[in-house]
Amino acid sequence: MRRLRTSPNIRAFVRETKIDLRDLVYPVFVIEGENIKNAVESMPGIYQYSVDRLDEELERVSRKGIKAILIFGIPGYKDEKASEAYNKDGVTQRAVRHIKEKYPDLIVIADVCLCEYTSHGHCGLVRNGNILNDETLKLLCKMSISLVEAGADIIAPSDMMDGRVGAIRQALDEKDFINTPIMAYSAKYASAYYGPFREAADSAPKFGDRKSYQMDSANAKMAMREIQYDIDEGADIVMVKPALAYLDVIKEASVRFDHTIAAYNVSGEYSMVKAAANMGWIDEKKIVLENITAIKRAGAKIIITYHALDIADWLSEKEQE
Ligand code: PBG
Ligand code: ZN
């Protein structure tokens, strides 16, 4: 085997997996208010921006050659029915409109979920402590339409209610948005790796947990059913989330399905690398490139990652051994 490892050129010649900037999606957090750039403590390098300062971030994104962002909004006002989620002048809708005006070629993926917008922090409507399924679907449809009307290119439902992909597909088609793809968070696990994100998006549930709608980390076969249902309901791209602790699920999905697969390298995965790197215990660049290569090798074409801007810098440096 060592014959194929004798020089950088030979190694590159037989290399099977290569990270491409066009694979990456960078998450962006936009918050209600003016002149805001808030550091997210648990995610060094990640900030919440108000719409009027969003260009600072977008300028970096476009200069570094990132082609797609995933947008999360943090409203100033939250209530039981997530009113701001489908307000056409809500913070997320205004941000999307601004971005598409200024950067028309940037792919804007809108996360669709109610947890940032509900007073209780759950991803759906709540009655008597239960998360309601079908009542929630109506709001997810309204939210999706308002975001596509604002200019969103792709809709990404992350709520894990049953039947939401089909409902959203139908709602978009009825409005003639037949060309807007749905990237479904299909196999989304109830994961402790989302901890830092809940600070970034101010979306921690005020009671209980998300185990009645997000998946149990012990289950892989069930993930295949989730993905199959989303495909049957019209998902164009299917996602596994988190990524690194679920590489087996990504792999299995890529073997079974021909749909484009996305994986979300989530906040906790990012924060752990950042913390160890800041301590000087690991080589950040090498670790990140190894992790992203592993996610792609497992079968994900699209990788959502907070490391995207750093990766862009590293890839533009001299081609490494
Ligand atoms: C909202 C949502 C979450 C993430 C993406 N969309 C959090 C959650 O479900 O609690 C997590 C992203 C991350 O941790 O980076 N439903
Ligand atoms: Zn949610």
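Residues numbered from 1 in each chain as written. Chains lettered and ligands numbered in written order. Predicted model: local features only at pLDDT ≥ 70, side-chain atom pairs only at ≥ 80, totals over all residues. Heavy atoms only, no water.

1. Focus: the site of ligand 1
Stated formally: By convention in these notes, a residue is near a molecule or strand provided one of its non-hydrogen atoms lies within 4 Å of it. Counted as a polar contact is a pair of N or O atoms within 3.5 Å, where, for protein atoms, one must be capable of donating a hydrogen and the other of accepting one, and residues adjacent in sequence contribute only when both atoms are in side chains. Only the protein chains shown count as cover for residues, and the accessible areas themselves come from Shrake-Rupley with a 1.4 Å probe.
In the vicinity of ligand 1 there are 18 residues, among which K188, R198, K241, S267 and Y306 approach most closely. Measuring from an oxygen atom of ligand 1, one finds a side-chain N or O atom of R198 at 2.7 Å. Contacts to ligand 1 include K241, whose side-chain N or O atom sits 3.4 Å from a nitrogen atom. The protein chains hide 100% of the 400 Å² of surface that ligand 1 would expose on its own.

2. Regarding helix α2 (residues 54–63)
For the record, the criterion: The classification of residues rests on relative accessible area computed with a 1.4 Å probe and restricted to protein chains. Under 20% of the type maximum is buried, over 50% is exposed, and intermediate values are partly exposed. Secondary structure is summarised from DSSP: a helix means a run of H or I of at least four residues, a strand means a run of E of at least two, and numbering begins at the N terminus for each. Working note: the arc is built from the helix axis to C-beta atom directions. By definition, residues are in contact when any of their heavy atoms lie within 4.5 Å.
Considered for burial, the residues of α2 that qualify are L54, D55, E57, L58 and V61. For α2, the angular spread of buried residues about the axis comes to 155 degrees, placing them on one side. Summarising the contacts, the buried residues of α2 are in contact with β1 (24–31), β3 (47–49), β4 (68–74), α3 (91–102) and α11 (308–316). Backbone geometry just after α2 places G65 at a positive phi near 90 degrees.

3. Some points on the coordination of the zinc ion (ligand 2)
Reference geometry at the metal: tetrahedral coordination by four donors gives ideal angles of 109.5 degrees; octahedral coordination by six donors gives 90 or 180 degrees. Let me state the cut-off plainly: In this analysis a donor is any N, O or S atom within 2.8 Å of a metal ion (3.2 Å for sodium, potassium and calcium), and since water is not included, sites may seem incomplete. Here the metal geometry follows the donor angles, with tetrahedral for four donors whose angles all fall between 85 and 135 degrees, square planar for four and octahedral for six when opposite donors are more than 155 degrees apart and every other angle is between 65 and 115, and irregular for all the rest.
Taken together, the protein donors to the zinc ion (ligand 2) comprise C113 (SG), C115 (SG) and C123 (SG), at separations of 2.1 to 2.3 Å. In this structure, the zinc ion (ligand 2) is surrounded by four donor atoms whose angles at the metal cover 99 to 120 degrees, and the resulting shape is tetrahedral. Summarised as a motif, the one-chain spacing of the donors to the zinc ion (ligand 2) is C-x1-C-x7-C. With a gap of 10 residues between them, C113 in the loop between β5 (107–112) and β6 (126–127) and C123 in the loop between β5 and β6 connect regions that are remote in the sequence. Each of the two residues, C113 as well as C123, counts as buried.

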